[in-house]
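Structural overview
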Amino acid sequence: MNKRRLIIGGNWKMFKTPSEAVSAAKALKVKLVNIEHVDVVVCPPAIDIVSVREILKESSIKIAGQNMHWENEGAYTGEVSAGMLIDSGCEYIIIGHSERRHVFGETDGEVNKKVLKAFATGLKPILCVGETLDERNSGHTEDVVGRQVRAGLAGVVLSSPQQLVIAYEPVWAIGTGVNATPEQAEEAHCFIRKIVADVFDSSLADEICIQYGGSVKPANAEELLKNKNVDGALIGGASLDPEDFCSIIKIAEKF
Ligand code: PGA
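Overview of the structure.

Calculation notes
Residues numbered from 1 in each chain as written. Predicted model: local features only at pLDDT ≥ 70, side-chain atom pairs only at ≥ 80, totals over all residues. Heavy atoms only, no water. Helix = DSSP H or I, 4+ residues; strand = E, 2+ residues; numbered from the N terminus. Buried < 20%, exposed > 50% of the residue type's maximum accessible area, 1.4 Å probe, protein only. Contact = heavy atoms within 4.5 Å. Areas by Shrake-Rupley, 256 points an atom, 1.4 Å probe, with all protein chains shown as cover. Lys, Arg positive; Asp, Glu negative; His and termini not counted. Charge placed at Lys NZ, Arg CZ, Asp CG, Glu CD. Pairing = 2+ DSSP bridges. Axes fitted to C-alpha atoms, helices over the stretch in contact; angles between N-to-C directions. Phe/Tyr/Trp six-rings, centres within 6.5 Å; stacked < 30°, edge-to-face > 60°. Lys NZ or Arg CZ within 6 Å of the ring centre and 35° of its normal. 1 Å grid on protein atoms, 1.4 Å probe; cavity = no way out; pocket = protein on both sides within 12 Å on 5 of 7 lines; lining within 4 Å. Points joined across faces, edges and corners; volume = space filled by probe spheres on them. Nonpolar A, V, L, I, M, F, W, Y, C, P; charged D, E, K, R; others polar. Salt bridge = Lys/Arg side-chain N within 4 Å of Asp/Glu carboxyl O.

Things to note about the overall build of the protein
- Regarding its fold elements, the protein presents eleven helices and eight strands.
- For the protein, the C-alpha atoms occupy an extent of roughly 45 × 45 × 35 Å along the three principal directions.
- The proportion of buried residues among the 255 residues of the protein is 55%.
- Residue pairs at least 24 apart in sequence account for 74% of intrachain contacts in the protein once pairs closer than 6 positions are excluded.
- Total accessible area computed for the protein in this model is approximately 11200 Å², and 52% of it derives from carbon and sulfur atoms.
- With 27 positive and 35 negative side-chain charges, the protein shows a spacing of 3 Å between the two charge centroids.

A few points about the environment of Val33
- Positionally, Val33 belongs in the loop between helix H1 (18-31) and strand E2 (38-43).
- When the C-alpha positions of Val33 and Ser60 are compared, they lie 8.2 Å apart, and in sequence the two are 27 residues distant.

Details of the sheet that holds strand E3 (residues 62-65)
- The strand order E1-E2-E3-E4-E5-E6-E7-E8 describes a closed barrel built from eight strands, whose pairing is parallel. Across the sheet, the mean angle separating the axes of adjacent strands is 25° when strand polarity is ignored.
- In the sheet, E3 pairs with strand E4 (residues 92-95) via two bridges, with the strands oriented parallel. Pairing of Ala64 across the sheet is with Tyr92, part of E4.
- Sheet strands in contact with helix H2 (residues 49-56) are E2 and E3, and its direction is about 170° off that of E3.
- Sitting on the sheet, helix H11 (residues 242-253) is in contact with strand E1 (6-11), E2 and strand E8 (232-235), with an inclination near 155° to E2.

Focus on the packing of aromatic side chains
- In the structure shown here, the tally under the stated rule is one aromatic pair.
- On the numbers, 6.4 Å between centres and 50° between planes, the contact of Tyr168 with Tyr212 is tilted. Here the residue Tyr168 occupies a position in strand E6 (residues 165-168), and Tyr212 occupies one in strand E7 (residues 209-213), the gap between them amounting to 44 residues.
- For Tyr168, a relative accessible area of 0% gives the class buried.
- Overall, the relative accessible area of 1% leaves Tyr212 in the buried class.
- One cation-aromatic arrangement involves Lys16 over Trp12; the distance from NZ or CZ to the ring centre is 5.5 Å.

Brief notes about empty space enclosed by the protein
- All told, the structure shown has one cavity of 30 Å³ or more when counted by the stated rule.
- The calculated volume of the largest cavity comes to roughly 40 Å³.
- Every residue along the wall of the largest cavity is listed here: Gly96, His97, Ser98, Arg101, Cys128, Val129, Gly130, Gln148, Glu169 and Val171.
- Of all the secondary-structure elements, those providing two or more residues to the lining of the largest cavity are helix H4 (98-102) and strand E5 (124-129).
- Residues of the lining of the largest cavity, tallied by class, amount to three nonpolar, five polar and two charged.

What to know about the pattern of salt bridges
- Using the criterion set out here, one finds 14 salt bridges in the structure.
- For Glu106, the salt bridge identified is with Arg100, shortest N-O distance 3.3 Å.
- Owing to a relative accessible area of 9%, Glu106 belongs among the buried residues under this scheme.
- Here Arg136 makes a salt bridge to Glu131, at a shortest N to O gap of 2.8 Å.
- For Glu131, a relative accessible area of 0% translates into the label buried.
- Sharing partners across several salt bridges, the network here consists of Arg4, Arg193 and Asp231.

Dropping the structure here:
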């Protein structure tokens, strides 16, 4: 099947102490030696990044931060900067995850400042967008997702499709065990690609990787990933167990 190269991300959220993260990274390094056709990105808590990087530095597994501030540095207690993440070995940064938006009140404007900072520093943003259940049930999915994509990308000058990843993560599917159906995912991804074509141009939009996130597990990965416009997955719960995470990656290798 002729598809874009898939990216599978494991978002560990606020799980795994530094020593637990080291064990997980060691397991992944061993289990994923033969992965060739998929890009794998792990997203550890900030405090775990340096030690995870040390273990994975000779592997092809990439590292992402889960969040960052948009300023270069300053009196922002508890925050991390793009420069800190880059110096720790991150190549990607998750921006606008639904937990940042809905638990911590992150706005589209803040998401945009972070995206612009990522581009300015060379970190590749994984821009997360997605509607709540109420928004879906009231027929507003496209309004919400379209607004989040356009606002998140405002002012971005994209020269290569590899600089940006978008993750469609319906809020109602995150951590609930209820994934979007393959048809719902494909429909949303096509819509996002259309918006990206409008924001940039259609040849860039054709090549941009759009991940699906929300209750992805070994049992549903194949039916989701086989969709033409689903270019990978961003995985929370199932990424915490290296066995499950690697089974999903092995499924992705087939496409
Ligand atoms: P989940 O989380 O796989 O646990 O649903 C996905 C995410 O938050 O990226």
